Amino acid sequence: MPFDRYMAMALYEPGLGYYVNGLQKFGTAGDFVTAPEQGPLFAQALARQLDEVATKLDSEWVLLEPGAGSGALARDLLEGLTHPPARYLILEPSAALREVQAETLADLPESLRRRIKWIDQPPEQPFDGVILANEVLDALPAKRFVYESGEFRELCIQHADGRLAWTTTRSSPRLARALDALERNLSRPLPDGYQSELCVDLPAWLETISTPLARGMILLIDYGYPRQEYYHPDRSAGTLVCHYRHRAHFDPFVWPGLTDLSVFVDFTATAEAAHTCGLKVAGYTTQAGFLLSLGIAESVEHIDDPQQRLRHAAEIKRLTLPGEMGEKFKVIALVRDFDHPLSGFGMMSHLHRL
């Protein structure tokens, strides 16, 4: 079985997959904590960027969030935006997560709740607005490969001696074409035995999600690297990581359906896919650079309560320090028919690294 099929089943198989089985995923009682669950400051900074874009759009602008997680980001954005969207569309295939999100959003004022709509697929009608995906790309099923004896082989799953194990086979045609292009674009050859991942479905996903956007911005936030860093010879075991009860491990065959599987994002491939979709890359930076450019560090200056000030200072450290989320997570902005500056990329542009 190709690994991308296994990953898709482990995450999304109806009733059994990690994101659809109804078990706790987010926060201290789950398996990991995303930036919106750290506290309100991430959403407050993000709201400043979205408000900046919203002022250049029609008042009936739309915010589309695929994979809204616990709903915390949607809640905090709707509360924090000066110019809230006319419609907040949540693209969520998991019925279990829809219930979690609905509970999170239940305390919003009725005037904001009525703007929210859950959808099964991107809208058919074009809209002006923003598409926001926080930690979505890393959950797209990816293929795994190994470079050995001068050729690429696809890493697949086999059932042997009562357990799942790795095996190799000739690369599928899609993967072979993608690996051929990858090899041409790398600045150095890969060493023998090198393993990594490649998401062949990324261009199709971006095409699907971006097609209804007539004018506006797509903001993608995730952990990853530009291509030359992603496929650095020293990163010889790839980027596949599993999370269970706030512990990271690297065996995807442990507790399938109960363990989160993810791979880091190749942001160079994301930029190339954007170009194919008729989008322009308007900004790329680290999460630290993005949040600091939007004034997150100044958000504690006017807090009088010492305990709240300490909590916010700790949240800022978790979101921006290099050893926390600040450098591992990146932010890329893709735009269509939108040429206005974006403040989130004013301090630390990393476009040259793509």
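Below: a short report on this structure. Worth saying up front: this structure is predicted, and the values here are computed from it rather than measured.

Notes on the side chain of Thr-268
Alright, step 1. Inspection of the secondary structure assignment puts Thr-268 in helix H9 (residues 267-276).
Alright, step 2. Here Arg-227 takes part through its backbone nitrogen, which lies 2.8 Å from a polar atom of the side chain of Thr-268.
Alright, step 3. Not counting residues within four places of it along the chain, the set of residues in contact with Thr-268 comprises Tyr-225, Pro-226, Arg-227 and Leu-354.

Notes on the environment of Leu-342
Alright, step 1. Positionally, Leu-342 belongs in the segment after strand E15 (329-336).
Alright, step 2. C-alpha separation for the pair Leu-342 and Leu-294, spaced 48 residues apart in sequence, amounts to 9.7 Å.
Alright, step 3. Those residues in contact with Leu-342 that lie beyond four places of it in its chain are Gln-49, Glu-52, Val-53, Met-217, Ala-282 and Ala-333.

Details of the environment of Lys-143
Alright, step 1. Among the structural elements, Lys-143 can be located in strand E5 (residues 143-148).
Alright, step 2. A C-alpha to C-alpha distance of 4.9 Å links Lys-143 and Asp-4, two positions 139 residues apart in sequence.
Alright, step 3. Beyond its immediate sequence surroundings of up to four residues, Lys-143 is in contact with Pro-2, Asp-4, Glu-154, Ser-172, Leu-175, Ser-196, Glu-197, Leu-198 and Val-200.
Alright, step 4. A distance of 3.3 Å separates polar atoms of two side chains, one belonging to Lys-143 and the other to Asp-4.

Remarks on helix H2 (residues 41-54)
Alright, step 1. Relative to the 20 Å expected for 14 residues at 1.5 Å per residue, H2 spans 20 Å between its end C-alpha atoms, a close match to the ideal helical length.
Alright, step 2. Here H2 lies mainly inside the structure; 11 of its 14 residues are buried.
Alright, step 3. Buried residues of H2: Leu-41, Phe-42, Ala-43, Ala-45, Leu-46, Ala-47, Gln-49, Leu-50, Asp-51, Val-53 and Ala-54, and no others.
Alright, step 4. Buried residues along H2 sit in contact with strand E1 (62-66), helix H3 (72-80), strand E4 (127-134), strand E9 (213-225), helix H10 (287-293) and helix H11 (306-320).

Some remarks on the packing of aromatic side chains
Alright, step 1. Taken as a whole, this structure holds 17 aromatic pairs when the rule is applied.
Alright, step 2. With a centroid separation of 5.1 Å and 50° between ring planes, the pair formed by Trp-166 and Phe-253 is classed as tilted. Placement of Trp-166 in strand E7 (residues 163-169) and of Phe-253 in the loop between strand E11 (247-249) and strand E12 (260-262) is noted, with a sequence separation of 87 residues between them.
Alright, step 3. Accessibility expressed as a relative area gives 30% for Trp-166, which makes it partly exposed.
Alright, step 4. Taken together, the ring pairs connect Phe-145, Tyr-147, Phe-152, Tyr-223, Tyr-225, Tyr-230, Tyr-231, Phe-264 and Phe-329 into an aromatic cluster.
Alright, step 5. The cationic tip of Arg-245 hangs over the ring face of Tyr-244; the distance from NZ or CZ to the ring centre is 5.0 Å.

Concerning unusual backbone geometry
Alright, step 1. The backbone phi angle of Asp-161 is positive, close to 55°, even though this residue is not glycine.
Alright, step 2. Within the fold, Asp-161 resides in the loop between strand E6 (151-160) and E7.
Alright, step 3. A residue is classified by how much of its surface remains accessible, and Asp-161, at 82% relative accessible area, is exposed.
Alright, step 4. Positioned with a positive phi, Trp-255 is a non-glycine residue whose angle comes to about 50°.
Alright, step 5. Tracing the chain through its elements places Trp-255 in the loop between E11 and E12.
Alright, step 6. Taking relative accessible area as the criterion, Trp-255 reaches 48% and is therefore assigned partly exposed.

Reading the values: the criteria
Residues numbered from 1 in each chain as written. Predicted model: local features only at pLDDT ≥ 70, side-chain atom pairs only at ≥ 80, totals over all residues. Heavy atoms only, no water. Helix = DSSP H or I, 4+ residues; strand = E, 2+ residues; numbered from the N terminus. Polar contact = N/O pair within 3.5 Å; in protein donor to acceptor, adjacent residues only side chain to side chain. Contact = heavy atoms within 4.5 Å. Expected span 1.5 Å × (residues − 1). Buried < 20%, exposed > 50% of the residue type's maximum accessible area, 1.4 Å probe, protein only. Phe/Tyr/Trp six-rings, centres within 6.5 Å; stacked < 30°, edge-to-face > 60°. Lys NZ or Arg CZ within 6 Å of the ring centre and 35° of its normal.

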